[in-house]
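Spelled out from the first residue to the last, the chains are:
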Amino acid sequence: MPRSKNHTRRVARSRPRGIMQLNPEGYGFVRTSEGEFFVPHAKLGGAFDGDLVEVAPLPANASKGRSREGSGSSRYGHKRAARVVSVIERAHEVVVGRFEAAEPFGVVVPLDPHIPYDIFTQLSEAPDVEDGAIVRVRIAQFPSRNSAATGHIEKVLEHVDGLDEGVDAVVARHKFETAFSDAALAEARGASIDEVGALASGYRDLRERFVFTIDPDDARDFDDALSIEQVEDQGRLLWRIGVHIADVSHYVEWGSALDLAARRRATSVYLVDRVIPMIPEELSCGLCSLAPGELRRSMTVDLYVDERAQLVRYEIYPALICSNARLTYGEALEMLGGEGEPVTFEGGKHTPCSDSPALENSPLGCSRRAELRAEHASRPHSEIEDQPVAVEGLYRATVPENAGRAPRAVPQRSEDCLSTEYAPRSQEQRETSLRKRLRQLSRLASLRHAQRERKGGIDFDQPEARVMLDEAGRPRGVELRRKNAATSLVEEMMIWANEVVAEHLAKAKSPCVYRVHEAPDLEGLAQLVPIFEEFSWFEKIDPVGFFTGSQHVLQQAVSASRGRAEGELVSSLVLRSMKRAVYREKNCGHYGLASATYCHFTSPIRRYPDLMVHRMLKAELFGRPEKFDQMTTNLGWICEHSSGMEREADDAQRESEELKLAEYLQQFVGQSFSAIVSGVSQGGLYARLENTAEGFIPVRTLGDDYFSFDATRYTLTGEETGVRYRLGQRIAVVLFAVDPRVPQIDLRLAQGTRR
């Protein structure tokens with residue numbers, strides 16, 4: 001009797017899935033749970049940048065003999081090749097691009113260099129669209145092996161002569177909401193401080209504290225403020241550092257029109273020429289902003305620390321405050337005795353920035369503050385220093401068991417001893433008092449930074465380039481902002497407050513939106529070792545510790561390269577090898593900060609996760625509100641959505657800066673600049689100018705030689721001349737051509753440069 005066939009049902013093969021990241025050169029990468037795959041141009045399967053795709057690995061020899069994509073894979077290292085089997089979820093339903101008439105079609109060329117497909121439309125559907133106009137097209141059919149992408153023009157965004165078409169296109173491409181609903185605006189306009197209600201509900205009155213803000217000179221909203229006093233606490237002298245954060249959750253209630261708008265946006269977007277706020281400006285620049293001389297609600301974290309910056313205890317509570325001064329980073333740095341002013345670039349030259357307002361024009365005089373003092377002086381008012389720390393049933397979770405009363409302010413005994421009293425009245429006295437407080441905070445911030453470094457925190461010193469625009473929106477210069485004593489002071493205090501809040505919620509077993517940064521992939525770090533071996537300082541770095549992700553070893557590498565020509569590049573490469581920090585319901589620690597528990601608490605005006613943390617804190621302090629379960633049920637989605645919108649906002653900010661930077665550089669075509677080699681591929685060199693602009697030097701222009709590419713060490717070497725180019729090498733370049741619409745910067749080696 002013949003044997004029956006086995007009809008066992010086959011199990012569907014599970015293939016790797018991930019987000020497609022397309023390179024402007026036409027190839028892509030997909031990071032999956034099985035590792036990162038390289039996808040050649042011919043194997044994209046119609047996938048767009050950002051699409052969720054399913055891939056299948058290609059045979060080991062399938063990627064040999066690449067042409068167009070060869071340089072890309074070499075530049076980013078040897079990765080397994082794969083093909084796109086299917087697109088699971090599309091990231092782009094609409095695309096912004098430049099319209100080109102090609103009878104009988106209208107072709108839309110995407111402005112996003114990461115989308116390598118033109119979209120074809122019927123010219124007869126939009127006969128009035130000008131050739132060269134910027135349009136938004138909705139995709140009807142995505143490209144396949146046998147057909148091109150097709151779509152329908154929805155809107156003309158900018159005509160041919162539009163000045164800001166590039167930035168408008170960035171906004172449209174990322175689909176940012178730029179207007180608020182009437183309901184949201186009505187809620188914002190109807191909001192009020194309600195001083196009496198705040199005090200009656202348990203807000204502490206901190207208007208007698210000397211509070212101040214430190215922000216960039218172009219900041220419009222101020223969501224954090226600082227204070228510092230020396231207090232006597234249980235027989236010992238401690239420093240009380242107050243971190244005061246705008247109480248946005250009071251005005252933006254869960255489920256309101258304001259909340260739904262903020263939740264969708266998830267973040268404010270800071271573009272080169274505009275801000276797209278998360279909440280309406282009536283709140284972001286009004287009632288929530290801790291402007292000088294204005295009564296404001298805050299969520300306050302008091303850190304009680306000793307002379308060595310060791311945290312003894314803390315308190316968290318809502319309060320009423322009034323800022324006494326608004327300082328720019330430049331003004332704060334001047335008071336600290338520093339000299340790290342921003343640098344502005346005009347052509348090939350750079351000069352110290354001199355457009356910061358003078359100290360005497362800053363709001364240190366604060367006439368509104370004096371008016372408030374006079375207004376409240378005539379009625380009885382309990383000093384916060386003489387009040388019990390806890391109101392029964394309100395702050396119990398934040399107060400140590402042995403703390404019966406709030407610490408007493410220490411009378412001012414010396415220049416280094418600061419009291420809580422707002423005694424100074426003259427301009428000179430106020431500036432002197434503020435200067436002392438700043439210097440004490442800076443000292444404690446330096447000690448705190450050293451503590452984080454000992455734990456393994458990694459300090460990436462990356463300059464931030466800001467293109468300065470005139471009133472017409474045209475670029476007039478580039479300002480480089482670098483970390484200094486003033487920015488470090490604020491950063492350390494904010495990190496400290498974030499840690500304390502996260503630890504507080506974790507110990508209380510309260511829900512929280514944690515900021516999570518996982519350890520880097522070992523593969524990415526291992527690829528950096530042969531590159532860094534090109535530099536002499538790496539001889540003192542433990543290579544095993546480096547590629548296994550030891551925080552202290554990575555810290556040593558970044559520190560060893562600091563101040564050298566390749567320093568910023570090394571910092572950038574190490575940073576790019578790491579995973580991106582995200583928001584999660586579950587705490588997994590923060591690798592880069594060497595923090596076991598971390599969240600974002602200090603920027604609720606511009607980040608929705610911070611707003612959620614404020615709500616969780618209030619629920620823990622005051623008791624859970626009626627809709628608390630709705631909040632916690634949505635935490636997972638909020639974390640994922642906020643992480644995605646943060647990426648969109650960061651990409652948009654970078655793209656808008658690059659557009660204006662390229663526009664600015666147009667006037668310098670033909671001039672020479674100093675640059676650092678920031679990338680090496682078979683196709684040529686990528687070079688970064690001092691103002692952070694990056695351009696490309698084709699290999700064919702390097703000289704009459706054949707240059708071989710070392711994909712391990714990322715070098716190009718001339719076979720006849722022996723001339724060698726590597727990452728971090730300083731070279732002289734000529735700005736050859738600029739296309740600000742792409743944007744694209746073409747460079748050439750300057751005459752006399754080694755060839």
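Please read all numbers here as calculations on a predicted model, not as lab measurements. Within every chain, residues take consecutive numbers counted from 1 along the sequence as written. Local features are withheld for residues below a pLDDT of 70 in this predicted model, meaning they are given only at 70 or higher, and side-chain atom pairs are given and counted only at 80 or more; totals for whole chains, interfaces and linings count all residues. Here the side-chain values reflect all heavy atoms present in the structure, with hydrogen atoms and water set aside.

1. As for the sheet that holds strand β5 (residues 80–89)
Okay, so step 1: Paired strands, in this sense, are two strands between which DSSP finds at least two bridges. Under the scheme used here, helices are H or I runs from DSSP no shorter than 4 residues and strands are E runs no shorter than 2 residues, and both carry numbers assigned from the N terminus. Judged by pairing direction, the barrel is mixed, and its 5 strands sit side by side in the order β1-β2-β3-β5-β4 before closing back on the first. Averaged over neighbouring strand pairs, the angle between their axes works out to 50 degrees when direction is ignored.
Okay, so step 2: Where strand β2 (residues 28–32) meets strand β3 (residues 35–39), 5 bridges bridge the pair, whose relative direction is antiparallel. Of the residues in β3, the one forming a bridge with G28 is V39. Interaxial angles span 0 to 180 degrees and are taken between N-to-C directions of axes, which are lines fitted to C-alpha atoms, for helices over the stretch in contact.

2. Comments concerning a negative patch on the surface
Okay, so step 1: Only residues whose relative accessible area exceeds 30% and that form no salt bridge are eligible for patches; like-charged ones are grouped when within 9 Å, while nonpolar side chains (Val, Leu, Ile, Met, Phe, Trp, Tyr) are grouped when within 5 Å. Computed with a 1.4 Å probe, the accessible areas rest on the Shrake-Rupley method; for each residue, only the protein chains presented here act as cover. Whenever Lys or Arg places a side-chain nitrogen within 4 Å of a carboxyl oxygen from Asp or Glu, that contact is recorded as a salt bridge. Positive charge is attributed to Lys and Arg, negative charge to Asp and Glu, and no charge count is given to His or to the chain ends. Positions of charges follow a simple convention, taking NZ of Lys, CZ of Arg, CG of Asp or CD of Glu. Side chains of E100, D118, E130 and D131 sit close together on the surface and give a patch of like negative charge.
Okay, so step 2: Assignment of secondary structure puts E100 in strand β6 (residues 94–102).

3. Description of the pattern of salt bridges
Okay, so step 1: In total, this model carries 47 salt bridges according to the counting rule given.
Okay, so step 2: The shortest N-O distance in the salt bridge between D470 and R474 comes to 3.5 Å.
Okay, so step 3: Given the relative accessible area of 29%, D470 is considered partly exposed.
Okay, so step 4: The exposure class assigned to R474 is partly exposed, which follows from its relative accessible area of 44%. Residue burial is assigned from relative accessible area. The probe radius is 1.4 Å, only protein chains are included, and a residue is buried under 20% of its type maximum, exposed over 50%, and partly exposed in between.

4. Some points on the pairing of strand β33 (residues 744–749)
Okay, so step 1: Where strand β32 (residues 730–739) and β33 come together, 6 bridges link them in antiparallel fashion. Across the sheet, residue V738 finds its bridge partner in β33, namely I745.

5. Remarks on helix α6 (residues 257–265)
Okay, so step 1: Those residues of α6 that sit buried are L258, D259, A261, A262, R263 and R265.
Okay, so step 2: Looking at the buried side of α6, the elements it contacts are α3 (182–189), α5 (248–251), α7 (281–287), α16 (608–622) and α18 (635–665).
Okay, so step 3: Positioned one or two residues after α6, A266 has a phi angle of 70 degrees, which is positive. Here a residue-residue contact requires only that any non-hydrogen atoms of the pair lie within 4.5 Å.

6. Considerations on the environment of C639
Okay, so step 1: By secondary structure assignment, the location of C639 is in helix α18.
Okay, so step 2: Put simply, C639 and Y608 are 31 residues apart on the chain and 9.4 Å apart in space, counted from C-alpha to C-alpha.
Okay, so step 3: Those residues in contact with C639 that lie beyond four places of it in its chain are V513, Y583, R584 and E585.

7. Concerning the sheet that holds strand β31 (residues 724–726)
Okay, so step 1: Strand order in the open sheet formed by 3 strands is β29-β30-β31, and the pairing between neighbours is antiparallel. With partners counted over all chains shown, the strands left at the sheet margins are β29 (707–710) and β31, one partner each. Across the sheet, the axes of successive neighbouring strands diverge by a mean angle of 15 degrees, strand direction being ignored.
Okay, so step 2: As defined by bridge partners, β29 adjoins strand β30 (residues 715–718) across 4 bridges and the pair is classed as antiparallel. Looking at β30, one finds that F709 is bridged to L716.

8. Regarding the confidence of the model for the protein
Okay, so step 1: A score from 0 to 100, pLDDT tells how confident the predictor is in each residue. Here the protein shows a mean pLDDT of 84. Residues at 70 or above account for 83%.
Okay, so step 2: Counting interchain partners and residues more than four positions distant, the pLDDT-below-50 stretch residues 63–77 has 42 contacts.
Okay, so step 3: Of the regions scoring below 50 in pLDDT, residues 340–406 engages in 137 contacts with residues more than four places distant in sequence or in other chains.

9. What about the packing of aromatic side chains?
Okay, so step 1: Centres within 6.5 Å make a pair out of two Phe, Tyr or Trp rings, where for Trp the six-membered ring is used; the pair is then stacked when the planes are under 30 degrees apart, edge-to-face when over 60, and tilted otherwise. In this structure the tally under the stated criterion is 17 aromatic pairs.
Okay, so step 2: Ring plane angle 65 degrees and centroid distance 5.2 Å describe the contact between Y664 and F668, whose orientation is recorded as edge-to-face.
Okay, so step 3: Under the relative-accessibility criterion, Y664 is labelled buried at 3%.
Okay, so step 4: A centroid spacing of 6.1 Å and a plane angle of 40 degrees characterise the contact between F707 and Y725, whose relative ring orientation is tilted. Of the two residues, F707 sits in strand β29 while Y725 sits in strand β31, which places them 18 residues apart along the sequence. Across the pair, exposure class does not vary: F707 and Y725 are buried alike.
Okay, so step 5: Through a chain of ring-to-ring contacts, the aromatic side chains of F532, F535, W537, F538 and F546 assemble into a single cluster.
Okay, so step 6: Between the NZ or CZ atom of R204 and the centre of the ring of Y317, over which it lies, the distance is 3.9 Å.
Okay, so step 7: The positively charged end of R515 is found above the aromatic ring belonging to Y583, 4.5 Å away from the centroid. The rule for a charge over a ring is simple: NZ of Lys or CZ of Arg within 6 Å of the ring centre, and within 35 degrees of the ring normal.

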